[in-house]
Amino acid sequence: MKKKNGLMLTTVFASALALAACGGDDNETTTEKPADNNTDTKTEDTKTDDGASTADAPTLPDEVANDGDAIAGGTLKFALVTDSPFSGILSWELYENAYDADVMDFMSNLIFDTDGDFLITDEGIAKLDVDADNNKVTVTIQHDVKWSDGTPLTADDIIYSYEIIGHPDYTGIRYDGDFQNIIGAAEYKAGTAETISGIKKIDDKTVEISMTKVSPAIYSGGDGLWSYAAPKHQLKDIPVKDLISSEPVRKSPVTLGPFKLDKLVDGESVQYVANEHYWKGKPKLDSIVLQVVPSTSIGEALRTGQYDLASSYPTTQYDGVKDLTNLTVLARPELAYSYLGFKLGKWDNAAGVNITDENAKMNNKQLRQAIAYAIDVEQVTERFYQGLRSRATSLIPPAFSTFHDNTLTGFNYDPEKAKALLDEAGYKDVDGDGIREDANGEKFSIRMAGMSGSDTDEAIVEYYRQNWKDVGLDVQLTTGRLIEFNSFYDKVKADDAEIDMFMAAWGTGTNPSPLGLYGETAAFNYSRFVTPELQTLLAAIDSKEAIDASYRADAFRKWEEYMFEQATTIPTYFRTEIIPVNKRVKNYNVSYSNNTEWHEVEVVSEDPVK
């Protein structure tokens, strides 16, 4: 089996900002699903001094092969694990969250394939040729590929995806500084040019793209390179401003993937059928049925054989599936991290830039550092995650081994250090009630937003609130309670005045470059933190000099150290995702280097094993 087009489930090219907010099991968000292994390995529990249950990280495989002969066809039953309806924006150019990415994963319009290091290969629909000296790339369609309606894929479809994102009426999140690296993108966006001058059609299968720079990020889908095609023949007559609500985007998307949409119930379920025009051959399954399943119900649904696979599985519920005889539990490191973010400014939509407010309540570095040192992340991972979460030490997940600096220690739990930092910053308990006032002696309360989910989510948030209270900080929940996933991100993106800090997570995608999350023009820069030094550090990571691997690794390290010092985004957990697989699935591999592709999936019986 070969590496799957796009990492399994929802991993996408991050620098192109096919980034997904996570949504899921630890009050953070999951693509992550955004998840995955199989074995009967047991974990050995111990006890901490306070009676908290701890667990060694389970050793789980990334591949399973079940006995039995595969049946012809069959229907795979897939659970989309979410406590909210999916939005149903079925366009790679327009979607904004991981759940819609999950829905599209079976019918992906990805044109590039990647290897185990997440670098573009020549094995996909298209190949990429890079001319770094002249700041040009060439994208060439390699096969006689057809859309699911039988229309041939052409260079026009590749170009059209750029024209959607760059259009003056496009209001999505993928027009950013990275995209502006394409020559002529800014003029097209401003409406002063009818085309993007740097994008040229050479012939029906070849597109040349000229950029202001070409860096190592290009091989991970960065520098403005977009990794998907859009069906121009289906969409060209729909105004760009109307695409997001159009029938082709919401109900009948044309696909290059192994399956195509057959039936859809808004926010609840999707039925797919095999795409007879799929370029790698007709899928072995006849169909796939996706249904929304709440996180609190997924364990029972899998135990009773209602589903074969799930988009994600709450790690807090691992004990509920690890010994089930009808499942194999697989696992792998997530290309994701959880974090605590601070609101330091606003997004200027007209200018398309982040603006830091020097007078923001949380614009005190020592305050932010103290908040980070005050939380006992290790206790949470021990109590709730059975070794499947670990305290994060940087904003680069360990899966990116070349760029993750494993010498960083992060914010170890140190309440005394937190108290000292608060004292030094002038936050002191003036009236003796145990809660600190601000530097002016005024009452001081911090409003934190978190996502709703299970009882575990609430328990974790309350534990952290107690941690902060122990060092004298009053942290109250925005709206007085945890917030539903979609509403949570609506508030965070809008820089709601009731949010001072927030708990969330990022699925990084396959490109480790942080520009799309922390740059001045990155809409995903939810902390709105911008400094000249930060911009310089980000630019170095994706510079021409960074073609040299050691230079780029050093640039990453300097950025990681700077972000640790500034403490505007506090990494909390690195994540291991677990993937329960029903034992009627014949062969299934979730490793990043050898994923099972959807057209290869087979089953050995008509219904899941119960």
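Just so it is clear, the structure is predicted and the values come from calculations on it, not from any experiment. (Residues numbered from 1 in each chain as written. Predicted model: local features only at pLDDT ≥ 70, side-chain atom pairs only at ≥ 80, totals over all residues. Heavy atoms only, no water.)

J.: So what exactly am I meant to see when it comes to the overall build of the protein chain here?
T.: Helix and strand counts for the protein chain come out as 14 helices and 22 strands. The C-alpha radius of gyration computed for the protein chain amounts to 24 Å, which stays within 12% of the reference 25 Å derived for 610 residues, consistent with globular compactness. In terms of its C-alpha atoms, the protein chain occupies a principal-axis envelope of roughly 75 × 60 × 45 Å. In the protein chain, which comprises 610 residues, the share counted as buried stands at 60%. When the accessible surface of the protein chain is summed, it comes to about 22100 Å², and 46% of that surface belongs to carbon and sulfur atoms. Charge-centre separation for the protein chain: the mean point of 58 positive side chains lies 2 Å from the mean point of 100 negative side chains. (Helix = DSSP H or I, 4+ residues; strand = E, 2+ residues; numbered from the N terminus. Rg over C-alpha atoms; globule rule 2.2 N^0.38 Å. Buried < 20%, exposed > 50% of the residue type's maximum accessible area, 1.4 Å probe, protein only. Areas by Shrake-Rupley, 256 points an atom, 1.4 Å probe, with all protein chains shown as cover. Lys, Arg positive; Asp, Glu negative; His and termini not counted. Charge placed at Lys NZ, Arg CZ, Asp CG, Glu CD.)

J.: Help me understand the sheet that holds strand 10 (residues 259–265) in this model?
T.: Strand pairing within a sheet occurs via backbone hydrogen bonds; the two strands may be parallel or antiparallel. Spatially, 10-11-12-5-13 is the arrangement adopted by the 5 strands of the open sheet, whose pairing is mixed. A strand with exactly one partner marks an edge of an open sheet, and here the two such strands are strand 10 and strand 13 (309–310). Pairing of strand 5 (residues 75–81) with strand 13, which is carried by 2 bridges, proceeds in the parallel orientation. If you follow F78 over to strand 13, its bridge partner there is L309. Where helix 1 (residues 98–105) meets the sheet, its contacts fall on strand 5, strand 11 (269–274) and strand 12 (287–293), and the angle it forms with strand 5 comes to roughly 170°. (Pairing = 2+ DSSP bridges. Contact = heavy atoms within 4.5 Å. Axes fitted to C-alpha atoms, helices over the stretch in contact; angles between N-to-C directions.)

J.: What's the story with the packing of aromatic side chains in this structure? I'm lost.
T.: How two aromatic rings sit relative to each other is set out by the distance from centre to centre and by the angle between their planes. Within this structure, the stated rule accounts for 32 aromatic pairs. For the ring pair Y463 and Y464, a centre distance of 6.3 Å and an interplane angle of 45° mean the geometry is tilted. Accessibility expressed as a relative area gives 2% for Y464, which makes it buried. Three or more aromatic residues joined by ring pairs make a cluster, and in this case those are Y99, Y337, Y339, F485, F488, Y489, F502, W506, F524 and Y526. (Phe/Tyr/Trp six-rings, centres within 6.5 Å; stacked < 30°, edge-to-face > 60°.)

J.: Would you take a moment to explain helix 14 (residues 549–566) for this structure?
T.: Since the α-helix advances by 3.6 residues per turn, residues separated by three or four positions end up pointing in the same direction. The end-to-end C-alpha distance of helix 14 is 26 Å, a good match for the 26 Å that 18 residues give at a rise of 1.5 Å each. Listing the buried residues of helix 14 in full gives R552, A553, A555, F556, W559, E560, Y562, M563 and Q566. Elements that come into contact with the buried residues of helix 14 comprise helix 7 (365–374), helix 12 (515–518), helix 13 (532–541) and strand 21 (569–582). Two residues or fewer after helix 14 comes A567, characterised by a positive phi angle close to 55°. (Expected span 1.5 Å × (residues − 1).)

J.: Which parts of the structure should I look at to understand unusual backbone geometry?
T.: Among all residues save glycine, negative phi is the norm, and among peptide bonds the norm is trans. Positioned with a positive phi, D223 is a non-glycine residue whose angle comes to about 65°. Following the sequence through the fold, D223 ends up in the loop between strand 9 (206–210) and helix 4 (232–235). Its relative accessible area of 1% is what places D223 among the buried residues. We note that Q386 has phi near 50°; this positive angle belongs to a residue other than glycine. With respect to the element layout, Q386 can be found in the loop between helix 8 (377–384) and strand 17 (389–391). Of the residues examined, Q386 reaches a relative accessible area of 10% and is grouped as buried.

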